[in-house]
Amino acid sequence: MAATIAAPVTPTELDHDRCGSEEETRGAEVEEEIQQQQQHTGPAAAVTHNRLNKLPLSRIKTLMKTDPDVSLASQESVFIIAKATELFVEMIAKDALVYAQQGKRKTLQRKDLDNAIEAIDEFAFLEGTLD
């Protein structure tokens, strides 16, 4: 049996010719920002970034079970839903932060989220939800 070793891939090692979509480019930028934050904040903050999930899995499982079609939820499915939710919230928050910074503010406001939802096609399904 041959053992495999997984090495972390840094954004500089990515083949940029293959990264055709905007989402892949944004993901590489997010990873780079996290690495920069860890360098500036020290090892204590790096420990919190190494957690696999930031949302409470028990709460996610409870929310999943409120759907009448869901009777059982495996640990893997709960983890995947939690991770997808974290990534979604992170993505929309970063896009809304751009609008807050344009207004020379550090705090996100509802209008920043509205602007991000209107401007980015990926968030089109959210239009009208904050009304």
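Residues numbered from 1 in each chain as written. Predicted model: local features only at pLDDT ≥ 70, side-chain atom pairs only at ≥ 80, totals over all residues. Heavy atoms only, no water.

### Observations regarding the overall build of the protein chain
- Along the protein chain, the regular secondary structure elements total five helices and zero strands.
- The linear arrangement of helices and strands in the protein chain, starting from the amino end, is α-α-α-α-α.
- Taken across its 131 residues, the protein chain has 18% of its residues classed as buried.
- If you take every contact in the protein chain between residues at least 6 apart in sequence, the share linking residues at least 24 apart comes to 36%.
- A total of about 10,300 Å² of accessible surface is found on the protein chain, and carbon and sulfur atoms cover 56% of it. (Helix = DSSP H or I, 4+ residues; strand = E, 2+ residues; numbered from the N terminus. Buried < 20%, exposed > 50% of the residue type's maximum accessible area, 1.4 Å probe, protein only. Contact = heavy atoms within 4.5 Å. Areas by Shrake-Rupley, 256 points an atom, 1.4 Å probe, with all protein chains shown as cover.)

### Some remarks on the packing of aromatic side chains
- What the rule picks out here adds up to two aromatic pairs.
- Here the aromatic rings of F88 and F123 are separated by 6.0 Å at their centres, their planes lie at 85 degrees, and the arrangement is edge-to-face. With F88 in helix α4 (residues 75-102) and F123 in the segment after α5 (110-119), the pair connects residues that are 35 residues apart, well separated along the chain.
- Under the relative-accessibility criterion, F88 is labelled partly exposed at 30%.
- Residues F88 and F125 carry aromatic rings whose centres are separated by 6.2 Å and whose planes lie at 40 degrees to one another, so their mutual orientation is tilted. (Phe/Tyr/Trp six-rings, centres within 6.5 Å; stacked < 30°, edge-to-face > 60°.)

### With respect to the side chain of E86
- Here E86 shows up in helix α4.
- Within the local environment of E86, its side chain forms a polar contact with the backbone nitrogen of L55, the two atoms lying 3.1 Å apart.
- Non-local contacts of E86, meaning those with residues more than four positions away in its chain, are made with L52, N53, K54 and L55. (Polar contact = N/O pair within 3.5 Å; in protein donor to acceptor, adjacent residues only side chain to side chain.)

### Some thoughts on unusual backbone geometry
- In the Ramachandran plot, K104 falls in the positive-phi region, its phi being about 60 degrees despite a non-glycine side chain.
- Inspection of the secondary structure puts K104 in the loop between α4 and α5.

### Digging into the confidence of the model for the protein chain
- Looking at the protein chain, the pLDDT average stands at 76 and 62% of residues meet or exceed 70.
- When the elements of the protein chain are averaged for pLDDT, helix α2 (residues 43-49) gives the smallest value, 48, and α4 the largest, 95.
- Segment residues 44-48: pLDDT under 50, and one contact once partners within four positions in sequence are set aside and those in other chains are kept. (pLDDT = per-residue confidence, 0-100.)

### Here's the deal with the side chain of R105
- Looking at where R105 falls in the secondary structure, it is placed in the loop between α4 and α5.
- Of the polar contacts made by the side chain of R105, one reaches the side chain of D112; its length is 2.8 Å.
- The residues touching R105, leaving out its near neighbours within four places in the chain, are Y99, A100, K111 and D112.

### Re the environment of L113
- Tracing the backbone through its elements, the reader meets L113 in helix α5.
- Judged by its relative accessible area of 27%, L113 falls in the partly exposed class.
- A sequence separation of 18 residues divides L113 from D95, and the C-alpha atoms of the two residues are 8.1 Å apart.
- Apart from the residues within four sequence positions on either side, L113 is in contact with I92, A96 and L130.

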